[in-house]
Amino acid sequence: MILLPFLVAVVIGIVVLLVTWWFKKMNFSLFVRLILGVLTIVVAVILFYIGFVNSRGFEGAAYGILAFFLMIFAIASFVMAKARN
């Protein structure tokens, strides 16, 4: 039960980290580099809300696991975006 949400979060998280790295390499402003992390946080909160309120039980737990791992990747994206060259 934990593997599929984890796999989805890892694939999405790797894409987020790669795009953040590319934005940093292209020397975009800090605001542009942080947008991807903010959007990932918003998506994770919405997924957690859907899992907790709308679909309870095992399906809701899968949404919660997905949201948790997306939060971890969003935090890593923030750290990568704010790191100096």
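The text that follows walks through the structure, step by step, so that each part is easy to find.

1. Remarks on the nonpolar core
Now for step 1: Grouped together as the largest cluster of nonpolar side chains are eight residues: Ala9, Ala44, Leu47, Ile65, Leu66, Ala67, Phe69 and Leu70.
Now for step 2: At the level of secondary structure, the elements contributing two or more residues to this core comprise α2 (30-54) and α3 (58-82).
Now for step 3: Once residues lying within four places of it in the same chain are set aside, the contact partners of phenylalanine 69 are Phe6 and Ala9.

2. Concerning unusual backbone geometry
Now for step 1: Even without a glycine there, the phi angle at asparagine 27 is positive, about 60°.
Now for step 2: Within the secondary structure, asparagine 27 is located in the loop between α1 (3-25) and α2.
Now for step 3: Among the residues examined, asparagine 27 registers a relative accessible area of 59% and is labelled exposed.

3. A word on the packing of α1 against α3
Now for step 1: Where α1 contacts α3, the axes come no closer than 9 Å and their chain directions differ by 15°. For the element pair α1 / α3, the angle class is roughly parallel. Between α1 and α3 lies a crossing whose hand is right-handed.
Now for step 2: Looking at the contact of α1 with α3, its residues break down into 19 nonpolar, three polar and one charged.

4. Describing the packing of α1 against α2
Relative orientation and spacing of two packed helices are given, respectively, by the angle between their axes and the distance between those axes.
Now for step 1: Contact pair α1 / α2: the axes reach a minimum separation of 8 Å and the direction vectors enclose 165°. By the angle class used here, α1 and α2 are roughly antiparallel. Crossing angle aside, the handedness with which α1 passes α2 is left-handed. The segment α1 lies against α2, with Val16, Val19, Thr20, Phe23 and Lys24 engaging Val32, Arg33, Leu36 and Thr40.
Now for step 2: Here the contact of α1 with α2 is composed, by residue class, of five nonpolar, two polar and two charged.

5. Observations regarding the packing of aromatic side chains
Now for step 1: Enumeration according to the criterion identifies six aromatic pairs in this entry.
Now for step 2: Pairing tryptophan 22 with phenylalanine 23 gives two aromatic rings, centres 5.6 Å apart and planes at 40°, and the pair type is tilted.
Now for step 3: When its relative accessible area of 43% is taken as the criterion, tryptophan 22 is described as partly exposed.
Now for step 4: Taking the relative accessible area as the measure of exposure, phenylalanine 23 reaches 17% and is therefore buried.
Now for step 5: Every member of this aromatic cluster is reached through a ring pair, and the members are Phe6, Phe68 and Phe69.

Basis of the calculations
- Residues numbered from 1 in each chain as written.
- Predicted model: local features only at pLDDT ≥ 70, side-chain atom pairs only at ≥ 80, totals over all residues.
- Heavy atoms only, no water.
- Core = buried A, V, L, I, M, F, W, Y, C linked by side-chain atoms within 4.5 Å.
- Buried < 20%, exposed > 50% of the residue type's maximum accessible area, 1.4 Å probe, protein only.
- Helix = DSSP H or I, 4+ residues; strand = E, 2+ residues; numbered from the N terminus.
- Contact = heavy atoms within 4.5 Å.
- Axes fitted to C-alpha atoms, helices over the stretch in contact; angles between N-to-C directions.
- Parallel < 35°, antiparallel > 145°, perpendicular 65-115°, else oblique.
- Left-handed = near helix turned anticlockwise from the far one by under 90°.
- Nonpolar A, V, L, I, M, F, W, Y, C, P; charged D, E, K, R; others polar.
- Phe/Tyr/Trp six-rings, centres within 6.5 Å; stacked < 30°, edge-to-face > 60°.

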